[in-house]
Amino acid sequence: SGVDVNLGPPVAVKFGNCAAFQACGGSPTGVFKVSDICVDTNAVLAEAKNECPNISASNWNGTGAGGLTVAGTNWASMTQTKISVDIVVPAECRNQFTCGLLAAALKSRGFDTATCKDNAGSGCDRAVTTAFDETSNGAFTQNGSRITASNNISYDYCRSATIVTLNPLQQGGGPAPIYYTYSE
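A few points on the structure. On a predicted model such as this, the values are computed, not experimentally measured, just so you know.

## Overview of helix H1 (residues 41-51)
- Taken as a whole, H1 has its buried residues at Thr41, Val44, Leu45 and Ala48. Angularly, the buried residues of H1 cover 80° about the axis, an arc narrow enough to put them on a single face.
- Where H1 begins, the capping side chain belongs to aspartate 40, and its oxygen is found 3.2 Å from the backbone nitrogen of asparagine 42.

This is the structure:
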């Protein structure tokens, strides 16, 4: 059982400080397309900066698309988001932040895939590409302003008029540094 969902047109991902998000619940019922995607770049690097204060990232780039249909007890969602970034690891941290460790850290933040390759030269620059692709179609559970889809991905959400904002939760339960805004 389920409902149909279609991807909306692609949108450019915004990077930086995302607008403050407060989960507020509300009725998630409707047919929506992604109208905005924001990645909180400070949150992405926060843990790494605790161990390597001079780690930095530049050239953030990305696109995404998505659709969401909620009818009765059925939730159908599909998102496809691709993000690339250049991460500069200072020499004093190069052993701590190998490509494998960077990819694993991004995957723990809710990204399905994360690949990394060393750039030529010092071996300290990392070009990272990540993806967050999600599909769900089936019954969902709602507990206040948290929804858990049939694929076991949970979201904090807020419905305001014709807009629903979703913040997926990381594997450990905290908010992922990515926000999806859907419009009817």
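Moving on, there is more to tell.
## Quick look at the packing of aromatic side chains
- Applying the stated criterion across every chain yields a total of four aromatic pairs.
- Note on phenylalanine 21 and tyrosine 179: the rings are 5.8 Å apart at their centroids and 50° apart in plane angle, and the pair reads as tilted. With phenylalanine 21 in the loop between strand E2 (14-16) and strand E3 (30-40) and tyrosine 179 in strand E12 (residues 178-183), this pair connects stretches of sequence that are 158 residues apart.
- For phenylalanine 21, a relative accessible area of 23% puts it in the partly exposed group.
- Taken together through their ring pairs, the aromatic side chains of Trp75, Phe140 and Tyr155 make up a single cluster.

## Overview of unusual backbone geometry
- The phi torsion at asparagine 59 lies on the positive side, around 55°, for a residue other than glycine.
- Among the secondary structure elements, asparagine 59 is positioned in strand E4 (residues 56-71).
- Overall, asparagine 59 belongs to the exposed group, its relative accessible area being 56%.
- Even without being a glycine, asparagine 152 presents a positive backbone phi close to 70°.
- Checked against the element boundaries, asparagine 152 lands in the loop between strand E9 (146-148) and strand E10 (154-160).
- With a relative accessible area of 65%, asparagine 152 lands in the exposed category.

## Quick notes on the side chain of glutamate 134
- When you line up the elements, glutamate 134 lands in strand E7 (residues 125-139).
- Here glutamate 134 occupies a buried position and makes no salt bridge, while the nearest side chain of opposite charge, lysine 82, is found at 12 Å.
- Among the polar contacts made by the side chain of glutamate 134, one reaches the side chain of asparagine 151 at a distance of 3.3 Å.
- A polar atom in the side chain of glutamate 134 sits 3.4 Å from the side chain of tyrosine 155.

## A short note on the state of the cysteines
- The final tally for this structure, using the stated rule, is three disulfides.
- The residue that forms a disulfide with cysteine 24 is cysteine 158, at a sulfur-sulfur distance of 1.8 Å. On the sign convention where negative means left-handed, the S-S torsion of about 85° between cysteine 24 and cysteine 158 marks this disulfide as right-handed. You can see cysteine 24 sitting in the loop between E2 and E3 and its partner cysteine 158 sitting in strand E10, a full 134 residues away along the chain.
- Residue classification places cysteine 24 among the partly exposed residues on the basis of a relative accessible area of 43%.
- For cysteine 158, a relative accessible area of 16% translates into the label buried.
- Bridging cysteine 52 to cysteine 93, the disulfide has an S-S length of 2.1 Å. The S-S bond linking cysteine 52 to cysteine 93 shows a torsion near 100°; that makes this disulfide right-handed.

The rules behind each value
Residues numbered from 1 in each chain as written. Predicted model: local features only at pLDDT ≥ 70, side-chain atom pairs only at ≥ 80, totals over all residues. Heavy atoms only, no water. Buried < 20%, exposed > 50% of the residue type's maximum accessible area, 1.4 Å probe, protein only. Helix = DSSP H or I, 4+ residues; strand = E, 2+ residues; numbered from the N terminus. Arc of directions from axis to C-beta. Polar contact = N/O pair within 3.5 Å; in protein donor to acceptor, adjacent residues only side chain to side chain. Phe/Tyr/Trp six-rings, centres within 6.5 Å; stacked < 30°, edge-to-face > 60°. Lys, Arg positive; Asp, Glu negative; His and termini not counted. Salt bridge = Lys/Arg side-chain N within 4 Å of Asp/Glu carboxyl O. Disulfide = S-S within 2.5 Å.

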